[in-house]
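Chain residues, written in single-letter form:
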Amino acid sequence: MTIDLLPELPCYLNGEFSTLREAKVSVMDRGFIFGDGVYEVVPVYAGRPFRFAQHMARLDRSLSELRIANPMSHPQWRALVDQLIDAYARSLGNDAGQTDQLVYIQVTRGVAMRDHAMPPGITPTVFATSNRISAPSAADRANGVACVSGDDFRWKKAHIKSVSMLGSVLARQMSADVGAAETVMFRDGFLSEGAAANVWVARGGRVIGPLKDNLVLEGIRYGLLEELCAHAGIPFELRRIAREDVFTADELLLSNASKEILPVTRLDGQPIGNGKPGPIYEKLYAGYQRAKQAPLA
Ligand SMILES: Cc1ncc(COP(=O)(O)O)c(C=O)c1O
């Protein structure tokens, strides 16, 4: 992509608001050289960040794995995100309260001469921007999406929301190449997750997800799905899920910040369940829409 293709979107970089066209980082930023940084993607509904506290908690966990001190307090992050939400809404000629958007936050270790070991005393680079939410189409919601399966060849620290994402890029491209929505990954015969989404199995009226360990990124929707299931009286369980249990699921679901919850109705060309979005999806999706309006009671 050339710089001219970058849209005039507002962004924040190291204390200053500008646009994606104007903002520049050093070529020696360790995010660029080593992928040495972390990120968050926060959905915003009607101008309000959704589950912001959970995003901040995950940012803290990711940063502490990288031994980077969080350069800002949670209230400072909130103020920054609120300013960006306003700036993006204004760029559309809207009030913040009228817009849904997706805020991206990134913290890298900062700028230093190239050396793998962590240089002491450098200042983290803080970047944030916002854009529209690219939500699934009405057809994808009505019919479900097709996915392919693939080997999870990523590293063993998938629980860190790191910007070192080559494994996810290569995995996602396997599905992009055949026009599928996601790559559902398996490690040693067990389900891990999608290239950029968590994956859920519904069987016998239960929702089952992979264990929250180092092989999976704990999406913010892990906690949310558990709450939505509790609300809907659907048993929820985390355990190791064998490959055959995925292919013979009654329903298969993806979750992430922009897809929310999305039914998978074909995997490697085979139908999942009856090949249509099922009742568990319908219930959880309805609950999700209510949760966006107001916290679950
Ligand atoms: C590898 C991976 N797993 C899971 C998720 C879902 O996380 P969240 O629900 O916080 O969007 C993502 C998000 O993009 C991801 O990249």
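Please refer to the structure higher up on the page.
All values reported here derive from a predicted model rather than from experimental measurement. (Residues numbered from 1 in each chain as written. Predicted model: local features only at pLDDT ≥ 70, side-chain atom pairs only at ≥ 80, totals over all residues. Heavy atoms only, no water.)

### Overview of the pairing of strand β11 (residues 206–209)
In this sheet, β11 lies alongside strand β10 (residues 198–203) in antiparallel orientation, the contact comprising three bridges. If you follow A202 over to β11, its bridge partner there is V207. The turn linking β10 back onto β11 is made up of two residues, and G204 within it adopts a positive phi angle of 55 degrees. As paired strands, β11 and strand β12 (residues 236–238) are joined by three bridges and run parallel to one another. Bridging across to β12, I208 finds its partner in E237. The parallel pair β11 and β12, bridged by helix α6 (residues 220–232), forms a crossover whose chirality is right-handed. (Pairing = 2+ DSSP bridges. Helix = DSSP H or I, 4+ residues; strand = E, 2+ residues; numbered from the N terminus. Right-handed = clockwise from strand over helix to strand, strands pointing away.)

### Details of the packing of aromatic side chains
The final tally for this structure, using the stated rule, is nine aromatic pairs. Here Y45 and F50 contribute two aromatic rings whose centre-to-centre distance is 5.4 Å and whose plane-to-plane angle is 70 degrees, an arrangement assigned as edge-to-face. Residue classification places Y45 among the buried positions, given a relative accessible area of 6%. Under the relative-accessibility criterion, F50 is labelled buried at 8%. Here the aromatic rings of F50 and Y288 are separated by 6.0 Å at their centres, their planes lie at 40 degrees, and the arrangement is tilted. Taken together, the residues F50 in the loop between β4 (48–49) and α2 (52–65) and Y288 in helix α8 (residues 279–293) connect sequence positions 238 residues apart. Taken together, the aromatic side chains of Y39, Y104 and F127 make up a single cluster linked through ring pairs. Taking the ring centre of F190 as reference, the NZ or CZ of R240 above it sits at 3.9 Å. Note that R243 overlies the ring of F186, its terminal NZ or CZ placed 4.8 Å from the centroid. (Phe/Tyr/Trp six-rings, centres within 6.5 Å; stacked < 30°, edge-to-face > 60°. Buried < 20%, exposed > 50% of the residue type's maximum accessible area, 1.4 Å probe, protein only. Lys NZ or Arg CZ within 6 Å of the ring centre and 35° of its normal.)

### A word on empty space enclosed by the protein
Within the structure shown, the criterion is met by one cavity of 30 Å³ or more. Quantified by volume, the largest cavity comes out at close to 40 Å³. Along its surface, the largest cavity is lined by D250, E251, L252, L253, P263, V264, T265, I272, K276, P277, G278 and Y281. Where the lining of the largest cavity is concerned, the elements lending two or more residues are β13 (251–256) and β14 (260–267). Residues that form the lining of the largest cavity fall into these classes: seven nonpolar, two polar and three charged. (1 Å grid on protein atoms, 1.4 Å probe; cavity = no way out; pocket = protein on both sides within 12 Å on 5 of 7 lines; lining within 4 Å. Points joined across faces, edges and corners; volume = space filled by probe spheres on them. Nonpolar A, V, L, I, M, F, W, Y, C, P; charged D, E, K, R; others polar.)

### Topic: the site of the ligand
For the ligand, the set of nearby residues contains 17 residues, the closest of which are R58, E193, I220, R221 and A257. Between R58 and the ligand, the recorded distance is 2.8 Å, taken from a side-chain N or O atom to an oxygen atom. In the model, an oxygen atom of the ligand is placed 2.9 Å from a nitrogen or oxygen of the I220 main chain. Here the ligand has 390 Å² of accessible area as a free molecule, and 92% of this is covered by the chains. When atoms are counted within 2 Å of each cavity's grid points, the one that captures over half of the ligand is the largest pocket. When contributions to the shell around the ligand are tallied by element, the ones reaching two or more residues are β9 (190–194), α6 and β13. (Near = heavy atom within 4 Å. Polar contact = N/O pair within 3.5 Å; in protein donor to acceptor, adjacent residues only side chain to side chain. Areas by Shrake-Rupley, 256 points an atom, 1.4 Å probe, with all protein chains shown as cover. Sits in = over half its atoms within 2 Å of the grid points.)

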